[in-house]
Amino acid sequence: MIALTPDEWTAIGLSLRVAAVATLASLIPGLFVAMLLARGRFHGRALLDGLVHLPLILPPVVTGYLLLLSFGRRGTFGAALAEVGIVFSFRWTGAALACAIMGFPLMVRAMRLSIEAVDRRLEQAAATLGARPSAVFLTVTLPLAMPGILAGAVLAFAKAMGEFGATITFVSNIPGETQTLPSAIYSLTQVPGGEAGALRLTLISVALSMTALLVSELLARRLARRLGTG
Amino acid sequence: MSTTLDIDVLLNRGAFSLEVAFAAGPGLTALFGRSGSGKTTVIDLIAGLARPDRGRIAVTGETLLDTERGIAVPVHRRRIGVVFQQARLMPHLSVRRNLGYGRAFARGRSDGIAFEGVVDLLGLGHLLERRPAGLSGGEAQRVAIGRALLSRPRLLLMDEPLAALDEGRKAEILPYIERLRDEAGLPIVYVSHAVSEVARLARTVVVLEAGRVAAVGAADTVLRQADLLATQEAEAGAILDMIVEETDSETGLTRLSGRVGRLWVPRLLRSIGTAVRIRVPARDVLLATQAPVGLSARNILEGHVVSIHAFGEAAAMVQIDCHGVLLAARLTRASVRDLALAPGRAVYAVVKSIAFDPQGVGTAGPAPVEI
């Protein structure tokens, strides 16, 4: 039953690509927002916090529809982006965008908590030793927050692997282009005789998620040892 | 005396207000006072970790802060090394890389001390490849001192660097701080609330009380001031300048003589006539209203009570004038009542221990010696 059909392989490959791109593309913005929320003192901080968390509580179909309105071919930004050749609607890049948005709150939350846990007195000490703020960030804050940053990335990746509602609303369910693992499972459950395929992909999905969690746990432990905290 | 630090600042934070102005020269200047007196705030202000409401701070002639002229040099450009109460080492870096941390940012400044020199000075050679988590408190603090030195500061601030350590570790670090003071030629501002540390290390003492400068001057003068004894009850003691009079080879004791009278101490390998400075902790002075007999302690000084201050739950600090020299004795209030002590009353002070340092001026002994 491990013999997968070419379509199933395509869905798995696409899912991995979408999740990887979504995660990598969110890293820098995620870190930036986490830093702002953890350390920033500015008006509208609560608003930014709410905005980031919105995809977590909105029905995914709403997020997907909002994406369609703004990044669709005739959407607010979509039309302008199409001019310069960047198209999201009904492309795998759109799936990556939807997954990135859906995973963003999870990523930012983990990163923010680990940044808040960094002992600011160490940063002060670094400054007295001559480190400018950017150097303090790169040599003290970032390495000490690394376990949380990693955890955030893994969470976002896992979320992207499982994202369904926003993706299917925004970019539909086109085999080979936007049909990720969950969409493929959904399609298989909708056709007669698709149960076996759905079960195969479900097992694959479980295995991938477990692997991601185990890898992150392993990395976190190794990091903790290196940081002298484990 | 050239000025290394010139500070005049004002700061209000809710109920706490700080208004401090003093100048410090080369050598080690102690900021001395009980907790809450504003010592750490002054350190933060000099380092740039806090901003005053108004004021000026200049170090070795360069203005680091002047609120009137709108000057505020950021922390990382002040070139002021700080050794904090806790070592604050980077947990993710080895000792070697912790030491090198500040050095990387000081590149281009060729003056100052070499890596090997600091490692030798602080005895860090065997620790270089270790992680901070594996260091003892004393070792970590030595690494923190080395790290600050290697950032090539023009002034070193030490904020109670020994406070978090036990007596053994303190004794381990004190000689290194002395070497720093004497060999590195780096001006140091040293925060402490321990008289013994200050008496041993400082050339100049600034006494802070409730955010104000209560006294400032040479260590021997300031620490001798009677009102200081009253304000620092827990650590109080008297500082006496004595002359070595003779050593009795039979008993192995050395006799010291001074205005206060004569005191016997364990054999001091010093020639006759040498000046020594000793410290008599208040907690090691007993009082008697009659000449004591049948007592094991041999150092008994005659004097009269000058003042009595109650402090703490049940304690009292009694000041005694012995031939014009002030001694302090720490008693219980019950004893004060039982002996009917009052100003003017003639008493005998029994000295149980003496801390002394053969080097004399500017230093006092590492630990009191029972006599």
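Keep in mind that this is a model prediction, so the values were computed, not measured.

### Quick look at the packing of aromatic side chains
- Counted according to the given criterion, the structure contains four aromatic pairs over all chains.
- Chaining the aromatic ring pairs together yields one cluster made of Phe71(A), Phe77(A) and Phe88(A).
- We note Arg17(A) situated over the ring of Trp92(A); from NZ or CZ to the ring centre the distance is 4.6 Å.
- A cation over a ring is seen here: Arg88(B) above Phe84(B), with NZ or CZ 3.6 Å from the ring centre.

### Describing the domain arrangement of chain B
- Along its sequence, chain B is organised into domain 1 (5–224) and domain 2 (233–370).
- If you average the C-alpha positions of domain 1 of chain B and of domain 2 of chain B, the two centres end up 33 Å apart.

### A word on the nonpolar core
Residues and elements named next belong to chain B.
- Counting 48 residues, the largest nonpolar core has Leu99, Leu156, Ile177 and Val205 as the members making the most contacts within it.
- If one sorts the elements of this core by residue count, helix H4 (residues 137–150) sits on top with seven residues.
- Excluding its chain neighbours within four sequence positions, the residues that come into contact with Leu156 are Gly81, Val82, Val83, Ala148, Leu149, Leu180, Leu186, Pro187, Ile188 and Val189.
- Val260, Leu287, Ala329 and Ala349 belong to the second largest nonpolar core, which has 30 residues in total.

### A short note on the pairing of strand E13 (residues 253–258) of chain B
All names here are of chain B.
- Counting buried residues along E13, five of its six residues qualify, which places the element largely inside the surrounding structure.
- Looking at chain direction, strand E12 (residues 237–248) and E13 are connected through five bridges and run antiparallel. When the bridges of E13 are listed, Thr247 appears paired with Thr254.
- Counted between consecutive antiparallel strands, the loop separating E12 from E13 contains four residues, among which Gly252 sits at a positive phi close to 75°.
- In the sheet, E13 pairs with strand E14 (residues 261–266) via six bridges, with the strands oriented antiparallel.

About the criteria used
Residues numbered from 1 in each chain as written. Chains lettered and ligands numbered in written order. Predicted model: local features only at pLDDT ≥ 70, side-chain atom pairs only at ≥ 80, totals over all residues. Heavy atoms only, no water. Phe/Tyr/Trp six-rings, centres within 6.5 Å; stacked < 30°, edge-to-face > 60°. Lys NZ or Arg CZ within 6 Å of the ring centre and 35° of its normal. Domains from an automatic or database assignment. Core = buried A, V, L, I, M, F, W, Y, C linked by side-chain atoms within 4.5 Å. Buried < 20%, exposed > 50% of the residue type's maximum accessible area, 1.4 Å probe, protein only. Helix = DSSP H or I, 4+ residues; strand = E, 2+ residues; numbered from the N terminus. Contact = heavy atoms within 4.5 Å. Pairing = 2+ DSSP bridges.

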